Amino acid sequence: MIRLFKNPVQIITVNTNGKNYKRGKEHSQIDVLTDHSIITEDGRIKDIVTNSHADKILFDSQIDLSGKIILPGLIECHTHTVFAGSRANEFKQKLTGKSYEEIANSGGGIISTVNAVRNTSEDELFELIKPRIKYYISQGITTLEIKSGYGLDFENEIKILSIIKKLNGFFPIDIIPTFLGAHTIPPEFKQNREGYLKLITDELLPYISANKLAVFCDAFCESTAFTAVEVDLIFDKSKALGLIPKLHTEQFNNIGGLDIALKHHAASVDHLEVIFNSDVTKFSGIETVAVLLPGVSFFLDYTYAPARKLIDNDAIVALATDYNPGSSQIANLNLIMSIAAIKMKMTFEEIISAVTINSAKALNLSSDRGSIEVGKKADFSIFDSEDYSEIIYNVGKNLNCMTIKNGEIIYDSST
C-alpha cells in the first residue's frame, strides 16, 4: 500500500542523517520542510518529495494535509499509567506544606497506590487504563512506555506487566513495558529489605525475563527507596537476564544513583532535579539519555532539572510526563512541553527533539522512529496549525488532529 501525505504547510522531520538522536546544539536542528509531501509504503517512509513531484507519483490512497503540519509521532518515554485509586488528599497535604517524603514516611505515597492496585482485579485495571491510552493517542503519541511498580509483590507486579502486555495487543500503538519492582520497599518487608531484594532478583526478574514481560528494568534510587548498592545488585541480575537498565535518580537526594546508572550504561536516567553541577558534564559524549520530568516539579512546586546546563554540556535530553497518581497527575504531553519552555528555558526546537527522537532513544527505538527519515516507521502526529510554534504556545491545548501509526490513521478528531 503506497500512500501520499499531501501538501502539509510544514514537515518537521527532526532529521538526524542516520545518527538517531540529538545531542547538545543538535537539539535545535529540527529541519522544517515546506512545499513537500511524504510517501509511505507498507507502514514505512518511502520518500519525501516536493509537491510538484508528488503529482507524478502513483499511489493507492492519499491524505490531504493542507493547512496542517506533520511531526514525527510523539514518543512518551516515562509513565506509570497502570494504577488504581486516588491520592487527591495527599495533593491537599502537599499544598499545605507537607513534603513528598513526609507523606511517604507516614504511610501515604506509593504504598497507598499499591494497596489500591492489590485490591483491584486484572480485568478491572485493564478497563480502568483503556481511556488513558486513548487520551495519549489523541495527543499524537504513537509509542508509549509504561512501568510496573505499584504491585511490589510477585502476584501484583506480574499482574501489572500482564496488563501492559494485553494493552499492547489491544491498541495500535507500541506500548513498551518496564519492570519497576524496585519502586519502594513494601510494608511486609520493612524489617527485611534483603528478603525483598531476593524476591526481585531471584524470583521476579527470572520470571519476567523468561516470559518476556518487560524490556527494561528500572529502580528508584532515593533515601526513601533503594540505595545505590541495592540498585547495583538489581542491575547486575537484570542485565544478565537481558533486561536493559533505567533509573529514577537525583530527584530528592544525591545518594550515588547517577554513577551506578552510568556504570551500567543505562538507556536513561530520569528526574535529575537535584543533580550536582559537577555531575552535569558526565552526560557529554555518552548515549545515556537524560529524561527530564517538569510535570513533577510543577505538581510538587519543586526544583526543575537543569535542562539548559545539560544541553549546553552536550547531553541527550528527552521530556516525558511521568504520569502517576502521586507526583505528576498530568497525562498531557503538550502541557509538559509548554512547562519545559517556560520554566526550564528550553527552546521550541529543543523541546520537539526531546519528545520525538530523544524520547525514542531513551527507549532504544530511535533507529526506526522518532524522526521523519526514509526507511523509518510512518508514525506521524498531524497538528491543526500552520506553524510548529503554535503547539507549545497553546499551553495545555491539544492541537493534534490526526495520529498516524505505521501509515494508518488511528485517530481523527473530525470523526
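Notes on the structure follow.

1. Re the packing of aromatic side chains
Centre distance and the angle of the planes are the two values used to describe a pair of aromatic rings.
Next up, step 1: Applying the stated criterion across every chain, the model contains 10 aromatic pairs.
Next up, step 2: Centre to centre, the rings of Phe91 and Phe299 are 4.4 Å apart; their planes meet at 20°, and the pair counts as stacked. Residue Phe91 is located in helix H2 (residues 88-95), and its partner Phe299 is located in helix H11 (residues 294-300); the two are separated by 208 residues in the primary sequence.
Next up, step 3: Judged by its relative accessible area of 15%, Phe299 falls in the buried class.
Next up, step 4: Between Tyr196 and Phe226, the aromatic rings sit 6.4 Å apart at their centres with planes inclined by 35°, giving tilted as the arrangement. Here Phe226 lies in the loop between strand E11 (216-221) and helix H8 (228-240) and Tyr196 lies in helix H7 (residues 193-210), a separation of 30 residues in the sequence. The pair formed by Tyr196 and Phe226 is uniform in burial state, with each residue classed as buried.
Next up, step 5: An aromatic cluster is built from Phe83, Tyr136 and Tyr323, whose rings are joined through pairwise contacts.
Next up, step 6: Stacked on the ring of Phe83, the Lys or Arg Arg132 has its end atom at 4.0 Å from the ring centre.

2. Structural notes on the sheet that holds strand E1 (residues 2-6)
Next up, step 1: Taken together, the 4 strands give an open sheet; going across it, the order is E5-E4-E1-E6, and neighbouring strands pair in mixed fashion. Only two strands of the sheet have a single neighbouring strand rather than two, namely strand E5 (44-50) and strand E6 (61-64). Sheet twist, expressed as the mean angle between neighbouring strand axes with direction ignored, is 20°.
Next up, step 2: Strand direction decides the pairing type here: E1 and E6, joined by 4 bridges, are parallel. Counterpart to Arg3 in the pairing with E6 is Ser61.

Conventions and cut-offs
Residues numbered from 1 in each chain as written. Predicted model: local features only at pLDDT ≥ 70, side-chain atom pairs only at ≥ 80, totals over all residues. Heavy atoms only, no water. Phe/Tyr/Trp six-rings, centres within 6.5 Å; stacked < 30°, edge-to-face > 60°. Helix = DSSP H or I, 4+ residues; strand = E, 2+ residues; numbered from the N terminus. Buried < 20%, exposed > 50% of the residue type's maximum accessible area, 1.4 Å probe, protein only. Lys NZ or Arg CZ within 6 Å of the ring centre and 35° of its normal. Pairing = 2+ DSSP bridges. Axes fitted to C-alpha atoms, helices over the stretch in contact; angles between N-to-C directions.

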